Amino acid sequence: MKQQIIQYPKLAFIDIETTGSHFERDRITEIGIKTLADEQVSTWEKLINPQIYIPQNIQKLTGISPKMVADQPSFDDLAKEIKEELEGKIFVAHNARFDYGFIKASLKRVGIDFKPKVLCTVKLSRLLFPNQSRHNLDTIIQSHGLVVSARHRALGDADLLLQFWQVCEKTVGKERLLEAINQLTGNASLPPNINQELIDSIPDAPGCYIFYGENKSPLYIGKSISLRSRVLGHFQGSLTQRKEMKLSLQVRDIDWIETSGELGALILESQLIKERMPSMNIKLRRSKDLCAWSLEKNSSGILVPELVNQKDLLPGLQENLYGLFYSKREAHSYLKAVAKKYRLCEVLLGLEKGAEGKSCFGYQLKQCGGACIGVMPTEMHNLQLQTAMSLYKVQVWPYKGPIAIDDGGEMIVLDNWCYLGTAINEDELSELKSAGDAEFDLDIYKIVKKALSGRYKNQVIRI
């Protein structure tokens, strides 16, 4: 019986050197390609003039100086040649998102679309050598006895990938290696440390997802009505977006919490970000120092903003509250901006000290309408202040008590803009209703306010 000959597709083992890690801002300085086709190896190597400065730390790491690339062609000059060199081959690189992301972005700038199959050798190492503790290139060199010719130079590192391939072939055989190609190129959008089984186990349902880095440290928390699709969206975006690429390279594990609907996911996301402080989220602040303005008339009939501090603040119950702020400084900055925009007097607003009968400093700069010296009537100044502040009025809770919102079969229980919890039956609903006051949270206030003015307004149940 004739033995079957196993033939690999054409493989291009690629490494690049760059001026930095941002593929929109930084540029490629060198490309090295080792092509394996029909058991023959060919080499393609070019230094490239990045046409921008090469930082000192990059020069030290790679040995590529501005002088070395000064007379070399630019990427634009080589773009068609590079595309032709890679055409019809599987793009093989270590942490392939980096190399592929740079080359794809560089070709896109000259109008060339580039969508090869991509094989990441980090993933390959994890798949074939699961007991190996780490899978970075230096560990692979040491673990498999690879011969280093020029570390941190493009062709030298591309040659290391070819050597690693040959080690894999010798260790597991051609048939298993071909299976690995088919398996990994089918999942090319996944990060090196995430496997398809984990992705498949994520439900396409509402909820929050948590990306973890080294030592289970939270990297990023997000929410979606379709968890699996949203998670995959991050990884697809990592080929074109700097933040997503950074996230994809750092993620080591993914966890998720299902909710019954979108509102529950929004509220949970806000809570989780405050609790776990993931490094790549915009930090959300707790509401412990909240304050707001109220408008009170003084003995002269002038409306004066007075700051209501946290201990006296009852959002949802007080009629006369304007703006909610995380600090006194933020509140005063906002009031100053209002004064400037509407030409109000900072002396009358209590933001500036003034002398009786004299104009404020803002009037001299034509930033005040002159209410401080009677040029603008008090009634007009009061009206303009009320008009300006009304845009930021804190809405009083529009119900007589707690409510529940049907959110995909579960009940989101709220009172005075505060989240009390989620109930799935009458007993839980009754328990939450009688649980007492919850802490007011500004982010949840914004979420609930928007929800009640939108599609959830017809799903309210008074309890």
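Sequence positions are assigned chain by chain, starting from 1 and proceeding in written order. Per-residue local features of the predicted model are confined to residues with pLDDT of at least 70, and side-chain atom pairs are confined, for both listing and counting, to 80 or more; whole-chain, interface and lining totals are unaffected and use all residues. Here the side-chain values reflect all heavy atoms present in the structure, with hydrogen atoms and water set aside.

S.K.: Please set out the overall build of the protein residue by residue, giving values where relevant.
M.R.: Going along the chain from the N terminus, every DSSP run of H or I of four or more residues is numbered as a helix, and every run of E of two or more is numbered as a strand. Within the protein, the regular secondary structure consists of 17 helices and 15 strands. Restricting the calculation to C-alpha atoms gives the radius of gyration, and the globule rule supplies 2.2 Å times the number of residues raised to the power 0.38. For 463 residues, the compact-globule formula gives about 23 Å, and the C-alpha radius of gyration of the protein, at 31 Å, lies well above that figure. Dimensions along the principal axes, computed over C-alpha positions, put the protein at roughly 100 × 65 × 35 Å. With a 1.4 Å probe rolled over the protein chains alone, any residue whose accessible area is under 20% of its type maximum counts as buried; one over 50% counts as exposed, and the rest are partly exposed. Residues classed as buried in the protein amount to 50% of the 463 residues present. For the protein, contacts bridging at least 24 residues in sequence account for 63% of all contacts bridging at least 6. Only the protein chains shown count as cover for residues, and all accessible areas are computed by the Shrake-Rupley method using a 1.4 Å probe. Surface exposure of the protein reaches about 23,900 Å², of which carbon and sulfur atoms provide 48%. His is not counted, nor are the chain ends; Lys and Arg add positive charge and Asp and Glu add negative charge. The atoms used to mark charge sites are NZ of Lys, CZ of Arg, CG of Asp and CD of Glu. In the protein, 59 side chains carry a positive charge and 56 a negative one; their mean positions are 5 Å apart. Two residues qualify as a contact provided that any one of their heavy atoms is within 4.5 Å of a heavy atom in the partner residue.

S.K.: Can you break down the packing of helix H6 (residues 137-144) against helix H7 (residues 154-172) residue by residue, with the values?
M.R.: Angles here are taken between N-to-C directions and fall from 0 to 180 degrees, while the axes themselves are lines fitted to C-alpha atoms, restricted in helices to the stretch in contact. Running from N to C, H6 and H7 cross one another at 50°; their axes reach a closest spacing of 11 Å. The angle between the axes of H6 and H7 places the two elements in the oblique class. Considering the relative orientation of H6 and H7, their crossing is left-handed. From H6, Leu137, Ile140, Ile141 and His144 reach across to H7, where they touch Asp157, Leu160, Leu161, Phe164 and Val167. Every angle not falling under 35 degrees, over 145, or within 65 to 115 is termed oblique; those three ranges are roughly parallel, roughly antiparallel and roughly perpendicular. Left-handed is the label given to a crossing in which the near helix is rotated counterclockwise from the far helix by less than a right angle, and right-handed is the label when the rotation is clockwise.

S.K.: Tell me about the nonpolar core, and name the residues and values.
M.R.: Residues Ile14, Ile28, Ile31, Phe75, Leu86, Phe91 and Ile103 are the most contacted members of the largest nonpolar core, which totals 28 residues. Of all the elements in the fold, those that place two or more residues in this core are strand E1 (11-18), strand E2 (28-37), helix H3 (75-86), strand E4 (90-93), helix H4 (96-109) and strand E5 (118-120). Per element, the largest residue contribution to this core is six residues, and it comes from H4. Those residues in contact with Leu86 that sit more than four places away from it in its chain are Ala12, Ile14, Ile33, Phe91, Ile103 and Phe114. Formed by 27 residues, the second largest nonpolar core is a distinct cluster that contains Leu324, Tyr326, Trp417 and Leu452. Residue types Ala, Val, Leu, Ile, Met, Phe, Trp, Tyr and Cys, when buried and joined through side-chain atoms within 4.5 Å, form a set referred to as a nonpolar core.

S.K.: So what's going on with the sheet that holds strand E11 (residues 322-325)? Residues and values would help.
M.R.: One open sheet holds the three strands; their spatial order is E10-E9-E11, and the pairing between them is antiparallel. Lying at the two open borders of the sheet, with one neighbouring strand each, are strand E10 (303-308) and E11. Across this sheet, the average inter-strand angle for adjacent strands is 30°, counted without regard to direction. As paired elements, strand E9 (residues 291-297) and E11 share two bridges and run antiparallel to each other. Strands are treated as partners if at least two bridges between them are detected by DSSP.

S.K.: So what's going on with the sheet that holds strand E6 (residues 207-212)? Which residues, and what values?
M.R.: Strands pair in a sheet through their backbones, by hydrogen bonds, and they do so in one of two ways: parallel or antiparallel. Taking strand neighbours across the sheet as the criterion, the three strands line up as E7-E6-E8 in an open arrangement whose pairing is antiparallel. Edge strands, defined here as strands with exactly one partner in the open sheet, are strand E7 (218-224) and strand E8 (253-258). Averaged over all pairs of adjacent strands, the angle between their axes in this sheet comes to 20°, without regard to strand direction. Together, E6, E7 and E8 form the strand contacts of helix H12 (residues 262-276), whose direction differs from that of E7 by roughly 170°.

S.K.: Can you break down the pairing of strand E14 (residues 418-423) residue by residue, with the values?
M.R.: Pairing analysis gives five bridges linking strand E13 (residues 410-415) to E14, with the strands arranged antiparallel. What sits directly across from Met411, in E14, is Ala423. Hairpin connection between E13 and E14: a loop of two residues separates the two successive antiparallel strands, and Asn416 in this loop has a positive phi of roughly 50°.

S.K.: Now, about the state of the cysteines: what can you tell me, with residues and values included?
M.R.: Only a pair of cysteine sulfur atoms within 2.5 Å counts as a disulfide in this structure description. Enumeration according to the criterion identifies zero disulfides in this entry. Cys120 takes part in no disulfide bond, and the closest cysteine sulfur, belonging to Cys168, lies 12 Å away. The exposure class assigned to Cys120 is buried, which follows from its relative accessible area of 7%. Just so you know, Cys368 is unpaired, no disulfide at all, and the nearest cysteine sulfur is the one on Cys360, 3.6 Å from it.

S.K.: Before we move on, can you summarise the packing of aromatic side chains with the specific residues and values?
M.R.: For any pair of aromatic rings, the description rests on two quantities: the centre-to-centre distance and the angle between the ring planes. A pair of aromatic rings is counted whenever rings of Phe, Tyr or Trp (Trp by its six-membered ring) have centres within 6.5 Å, and the orientation is called stacked for planes under 30 degrees apart, edge-to-face for over 60 and tilted otherwise. Under the criterion given, the structure shown has 16 aromatic pairs. Between Phe325 and Tyr334, the aromatic rings sit 5.0 Å apart at their centres with planes inclined by 40°, giving tilted as the arrangement. The same class applies to Phe325 and to Tyr334, which are both buried. The interplanar angle of 85° and the centroid separation of 5.2 Å between the aromatic rings of Trp417 and Tyr445 together place this pair among those described as edge-to-face.

S.K.: I'd like a rundown of unusual backbone geometry, residues and numbers included.
M.R.: The phi dihedral of Arg343 falls on the positive side, at around 55°, and the residue is not glycine. As for its placement among the helices and strands, Arg343 is situated in the loop between helix H13 (328-342) and helix H14 (361-364). The backbone of Lys366 sits at a positive phi, close to 65°, despite the residue not being glycine.

S.K.: Please provide a residue-by-residue account of H3, values included.
M.R.: The periodicity of an α-helix, 3.6 residues per turn, causes residues three or four positions apart to be oriented the same way. What H3 keeps buried is the set Phe75, Leu78, Ala79, Ile82, Lys83, Glu85 and Leu86. One side of H3 holds all its buried residues, which, seen down the axis, span an arc of 155°. Seen from the buried face of H3, the exposed residues on the opposite side, beyond 90 degrees, are Asp77, Lys80 and Glu84. Summarising the contacts, the buried residues of H3 are in contact with E1, E2, strand E3 (40-47), E4 and H4. When we speak of the arc, we mean the arc of directions from the helix axis to the C-beta atoms.

S.K.: Explain the pattern of salt bridges to me, and be specific about the residues and the numbers.
M.R.: What makes a salt bridge here is a side-chain nitrogen of Lys or Arg within 4 Å of a carboxyl oxygen of Asp or Glu, nothing more. For the structure shown, the criterion picks out 19 salt bridges. Asp26 serves as the salt-bridge partner of Arg25, at 3.5 Å between the closest nitrogen and oxygen. Of the residues examined, Arg25 reaches a relative accessible area of 55% and is grouped as exposed. Residue classification places Asp26 among the buried residues on the basis of a relative accessible area of 7%.

S.K.: Mind laying out the environment of Phe211, listing which residues take part and the relevant values?
M.R.: Its location among the elements puts Phe211 in strand E6. Note on Phe211: relative accessible area 0%, which makes it buried. Sequence spacing of Phe211 and Leu247 is 36 residues, and the spatial spacing of their C-alpha atoms is 8.4 Å. The contacts of Phe211, once residues within four sequence positions are left out, are Ser217, Pro218, Leu219, Tyr220, Val231, His234, Phe235, Leu247, Val251, Asp253 and Ile254.

Taken by themselves, the reported measurements are silent on function.
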